[in-house]
Amino acid sequence: MDNQHDYFPVLNIQEFTEAPSGFTNLLFHEIRGSRHIVEPHKHDFLIILLFEKGSGTHTIDFKNYVIEPQQVHFLFPGQVHQWQFHEETVCYQLMISREWFESFLPDLRFSSLYYQQHPVFQISLSLYATLLYEFRAIEQELQETNILWEIIQTRSKLIGLLLRKSFEVTFHDFEKYHSNPIISKFVQLIDLHFKSNRSVAFYAEKLHISANYLNIVSKKVINTAASTLIHDRILLEAKRLLKISEMSVKDIVYDLGFYDHASFSKFFKNHTGMTPSQFKEQG
């Protein structure tokens, strides 16, 4: 079974607009003061947060990130998140529809899967000022009676290019992933097939290479065994399903392709140090 069902609360961009038509490709919000998202959920659109100042935490796919001034936070479609912004927080938010996100992605150069590994990063004061100018210009255009969406789309593209440039300087492991077509394709295949296929041999066959060679390339390029990449993706999905879906552990075991509850529990405990039930119940 390959990612055909969604068991999470999913918010649509139309839920955040007051436009009579209920349709939009991009929204701008200014967030000031304390904000709390207690229940984890995910979106079907891209969110870019630009923090002027503030403190608190933003939890993305179960990792806690400390909020600081001059930060950018990326939240991609499908990622699970919740946040706790403290009183002094000031940030600016762009919500970009899935349709626009798909056309926006090439400007980021790397696969969204790589950005999801580093969703929060500090930026320079000069880049912050440039991004804030573009965010404000988008806000102004959205207030026009006759919105020219091409202007907004062009500014969004520029924001993507500026962020990509900063990423390339900040995170050097991106180049390792991107420069090797085997690893790049392997990661994409895992995201498509991890529920039904967890053997390295399956992915090697798809890539027209041997399992041994795929493992050699994986260890050489990213210093990680090929099987570890597969297991990490299964574990992430298990955490998502346990934490915010209505599914029983029994149904999760079936959905993720495990033979029985015992094999799933052993896998989960080996990677997290706790049982699925303990993870599900923790605050």
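Residues numbered from 1 in each chain as written. Predicted model: local features only at pLDDT ≥ 70, side-chain atom pairs only at ≥ 80, totals over all residues. Heavy atoms only, no water.

Peer 1: Outline the overall build of the protein chain, listing residues and values.
Peer 2: Scanning the protein chain for helices and strands turns up 12 helices and 11 strands. The proportion of buried residues among the 283 residues of the protein chain is 48%. Residue pairs at least 24 apart in sequence account for 73% of intrachain contacts in the protein chain once pairs closer than 6 positions are excluded. Working note: accessible area of the protein chain is about 14,100 Å², and carbon and sulfur atoms make up 52% of it. (Helix = DSSP H or I, 4+ residues; strand = E, 2+ residues; numbered from the N terminus. Buried < 20%, exposed > 50% of the residue type's maximum accessible area, 1.4 Å probe, protein only. Contact = heavy atoms within 4.5 Å. Areas by Shrake-Rupley, 256 points an atom, 1.4 Å probe, with all protein chains shown as cover.)

Peer 1: Could you give an account of the sheet that holds strand β2 (residues 26-32), with specific residues and numbers?
Peer 2: With antiparallel pairing, the five strands of this open sheet are ordered in space as β2-β10-β5-β8-β11. The strands lining the two open edges of the sheet, one partner per strand, are β2 and β11 (120-122). When the angles between neighbouring strand axes are averaged without regard to direction, this sheet yields 15°. Bridge count between β2 and strand β10 (residues 90-96): seven bridges; the pairing is antiparallel. Directly across from Glu 30, in β10, lies its bridge partner Tyr 92. Contacts between helix α3 (residues 125-142) and the sheet are confined to β2, β5 (46-53), β8 (71-75) and β10, with β2 contributing the most and set at about 115° to the helix. (Pairing = 2+ DSSP bridges. Axes fitted to C-alpha atoms, helices over the stretch in contact; angles between N-to-C directions.)

Peer 1: So what's going on with unusual backbone geometry? Which residues, and what values?
Peer 2: If you check the backbone angles, Asp 61 has positive phi at about 50° while not being a glycine. Classification of Asp 61 as buried rests on a relative accessible area of 12%. Of note in this structure, His 208 is not a glycine but carries a positive phi near 65°.

Peer 1: Which residues make up the pattern of salt bridges, and what are the values?
Peer 2: Where side chains of opposite charge bring their charged atoms close, a pairing between them can arise. If you walk through the whole model with that rule in mind, you get nine salt bridges. Note that Asp 255 and Lys 195 form a salt bridge whose closest N and O atoms lie 2.9 Å from each other. Here Asp 255, found in helix α10 (residues 249-255), pairs with Lys 195, found in the loop between α6 (181-193) and α7 (200-206); they are 60 residues apart in sequence, far enough to count as distant. Its relative accessible area of 2% is what places Asp 255 among the buried residues. Between Glu 237 and Arg 233 there is a salt bridge; the shortest N-O distance is 3.1 Å. (Salt bridge = Lys/Arg side-chain N within 4 Å of Asp/Glu carboxyl O.)

Peer 1: Mind laying out helix α11 (residues 261-272), listing which residues take part and the relevant values?
Peer 2: Compared with the 16 Å implied by 1.5 Å per residue over 12 residues, the 16 Å span of α11 between its first and last C-alpha is a close match. The set of residues buried in α11 consists of Phe 264, Ser 265, Phe 267 and Phe 268. The buried residues of α11 occupy an angular sector of 165° when projected down its axis, which confines them to one face. Turned more than 90 degrees away from the buried face of α11 sit Ala 262, Lys 266 and Asn 270, all of them exposed. As for α11, its buried residues are in contact with α9 (226-244), α10 and α12 (276-281). In this structure Asp 260 caps α11, since a side-chain oxygen of it lies 3.3 Å from the backbone nitrogen of Ala 262. Residue Gly 273 follows α11 closely and has a positive phi angle near 85°. (Expected span 1.5 Å × (residues − 1). Arc of directions from axis to C-beta. Polar contact = N/O pair within 3.5 Å; in protein donor to acceptor, adjacent residues only side chain to side chain.)

Peer 1: Run through the packing of aromatic side chains, naming residues and quoting values.
Peer 2: How two aromatic rings sit relative to each other is set out by the distance from centre to centre and by the angle between their planes. According to the stated counting rule, one finds 14 aromatic pairs in the structure shown. Ring centres of Phe 62 and Phe 279 lie 5.8 Å apart, and the angle between their planes is 70°; on these two criteria the pair is classed as edge-to-face. Of this pair, Phe 62 sits in the loop between β6 (56-60) and β7 (63-66) while Phe 279 sits in helix α12, and the two are 217 residues apart along the sequence. Look at Phe 279 and you get buried, because its relative accessible area is 6%. Here a set of aromatic residues connected by ring pairs shows up, and it is made of Phe 62, Phe 258, Phe 264, Phe 267, Phe 268 and Phe 279. Stacked on the ring of Phe 258, the Lys or Arg Arg 198 has its end atom at 4.2 Å from the ring centre. Taking NZ or CZ as reference, Lys 243 lies 4.9 Å from the ring centre of Phe 279, over its face. (Phe/Tyr/Trp six-rings, centres within 6.5 Å; stacked < 30°, edge-to-face > 60°. Lys NZ or Arg CZ within 6 Å of the ring centre and 35° of its normal.)

Peer 1: Could you give an account of the nonpolar core, with specific residues and numbers?
Peer 2: Within the largest apolar cluster, 34 residues are counted, with the highest numbers of intra-cluster contacts made by Phe 186, Tyr 203, Leu 214, Leu 256 and Phe 264. Mapped onto this core, the elements with two or more residues apiece are α6, α7, α8 (211-222), α9, α10 and α11. Looking at which element gives the most residues to this core, the answer is α9, with eight residues. The contacts of Tyr 203, once residues within four sequence positions are left out, are Phe 186, Leu 189, Ile 190, His 193, Phe 194, Asn 197, Arg 198, Leu 214 and Ile 230. Counting 31 residues, the second-largest nonpolar core is a separate cluster that includes Leu 105, Tyr 115, Ile 152 and Phe 167. (Core = buried A, V, L, I, M, F, W, Y, C linked by side-chain atoms within 4.5 Å.)

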